[in-house]
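Chain and residue survey
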Amino acid sequence: MGEDQAGRPAPVRLDDLASPRYPDHIAEIMASVEPLAAGLELRPTALLDAASEATGLGDFGDTRFLEPLAVLCDALTTDVELSPMGKVSQHTLFVQLLVNRLLVEHEIARHPEILDEPLEAPIVIAGLPRTGTTHLHNLLSADPRLRSLPYWESLEPVLADAERVRPDGPPPDPDPRLARTDAALWFVNEAMPHFVRMHEMTTQHRHEEIQLLALDFSTMLFETTVPLPAYRDWWDGTDQTAAYGYLRRVLQVCTYLRRRDEEAPTRWVLKSPQHLAQFGPLMAAFPDATVIVTHREPVAVTASMATMVAYSARMALTHPDPAAIGRYWGDRVERLLDACVHDRDLLPADRSLDVRFDDFMADDVAMALAVEDLAGLPRDDAATAAIADYVATHPRGRHGTVAYDLAAVGLDADERAAALAPYATRFGV
């Protein structure tokens, strides 16, 4: 495959999106789940029962989440044909989300003071993948004064009592959630070895809160697995204010547990692409937030976003169609960017900033410090050094890159440029 002069792996072209090639040991694992998949039901009642049986708990909190859960279950049955691995993965995800929800509500029930956690003045990054969101998120997360969400915690924010040192006590050392996340990522990295070129996933990496929004079953997370037109239409047509309120609730639990068990910062840095379409609900949940909106030439961003989703979605579908997935995400990106254009002025002028990718990459440390200045975070030598150290130890493109091809995902560059022109003009990209 070769390397460039900087020692980075040469770019790769993903030529197996429609007919995935897997190593023998991964193909064997995927084939082995077929009997299990045959016995699983993607029905709300079956999923709720499974979560309650796993925890011994029954209070899921506000039952509003049952509506999107039902829409999701229907969409996964009618909108797509899941492969056996896809069915097992979706069932496992849904049960875990419901388990997480039960544990969150259980923690609040015995510690109602959790809802007094202030979540003061979070810094929120909104932007599509490949626009600098992940890098900026990582730079800010390197500041020890800010609290971010590690991937393992996003998957299991609350540990069950049976796994704690004592009921209602701290987690053991090592925390069993780390090993479970390690195991899940091993499979991902073996099955999709080039995914790391598009988005590095590690047990400790700073993750976006879309995984926590999923506890309310009202999030774009599910669409990143397979195209779900029926669920998309429900989500786009539904006020997400309550879902963002539930996100705040879960973050209060995370804040309380970490602060109780160790000395930890309480001011959050958050990030998700879906915030582009939800500035109103976002500000309703976090009225004192500082919001950073990242921008980059949108056709190139669409190409990388559609390719990344097609590469990961193929594991869940019986007959993956990268062109259909690409067209779905071409439309999805357009909707997100149109919403950003329409709603950008909902963000407070004195606590929001548009960051263009080229400006950011010209001096990434300076931009991170400018964001902290805007958020009212005083300059601190130790924090600045930590941010600079992150840059030095995480060179851009160290895992290699992907050669993106719009045609391979069913899109035309000229057509997309015309469709996305209002956004490009509005933000000068």
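Below, the structure is looked at part by part. It should be emphasised that the depicted structure is a prediction, and the values quoted were computed from it without experimental measurement. Per chain, residues are indexed from 1 in the order of the written sequence. It should be noted that, the model being predicted, local features are given only for residues of pLDDT at least 70 and side-chain atom pairs only at 80 or more, the latter also being counted only at that level, while totals for whole chains, interfaces and linings use all residues. Side-chain measures were taken over the full set of non-hydrogen atoms in the model, leaving aside hydrogen atoms and water.

**Some words on the side chain of His91**
Test applied: Where helices and strands are cited, they refer to DSSP runs of H or I of at least four residues and of E of at least two residues respectively, numbered from the N terminus. Between two residues, a contact is recorded if the distance between any of their heavy atoms is within 4.5 Å.
Looking at the element boundaries, His91 is found in helix H5 (residues 84-110). Beyond its immediate stretch of four places on either side in the chain, His91 contacts Leu40, Glu41, Leu42 and Leu47.

**Examining helix H6 (residues 133-141)**
Selection rule: Burial classification: accessible surface area is computed with a 1.4 Å probe over protein chains only, and a residue below 20% of its type maximum counts as buried, one above 50% as exposed, and the rest as partly exposed.
With eight of nine residues buried, H6 lies mostly within the body of the structure. Listed in full, the buried residues belonging to H6 are Thr133, His135, Leu136, His137, Asn138, Leu139, Leu140 and Ser141.

**Quick look at the nonpolar core**
Put simply, the rule is: Definition of nonpolar core: a set of buried residues of the types Ala, Val, Leu, Ile, Met, Phe, Trp, Tyr and Cys, connected through side-chain atoms within 4.5 Å.
Ranked by internal contacts, the top residues of the largest apolar core, which has 110 residues, are Phe94, Phe217, Phe222, Leu228, Tyr231 and Phe286. At eleven residues, H5 tops the list of elements feeding residues into this core. Discounting residues that sit within four places of it in the chain, Leu228 has contacts with Leu72, Ala75, Leu76, Asp79, Phe222, Glu223 and Tyr328. With 19 residues, the next largest nonpolar core counts Ile125, Leu139, Met367 and Leu377 among its residues.

**Thoughts on the pattern of salt bridges**
As a reminder of what qualifies: We define a salt bridge as a side-chain nitrogen of Lys or Arg found within 4 Å of a carboxyl oxygen belonging to Asp or Glu.
Here the structure, examined in full by the defined rule, presents 34 salt bridges. The residue Arg379 makes a salt bridge to Asp373 at a minimum N-O spacing of 2.7 Å. Owing to a relative accessible area of 39%, Asp373 belongs among the partly exposed residues under this scheme. One connected set of salt bridges, linked through shared partners, spans Glu223, Arg232, Asp233, Asp236, Asp331, Arg332 and Arg335.

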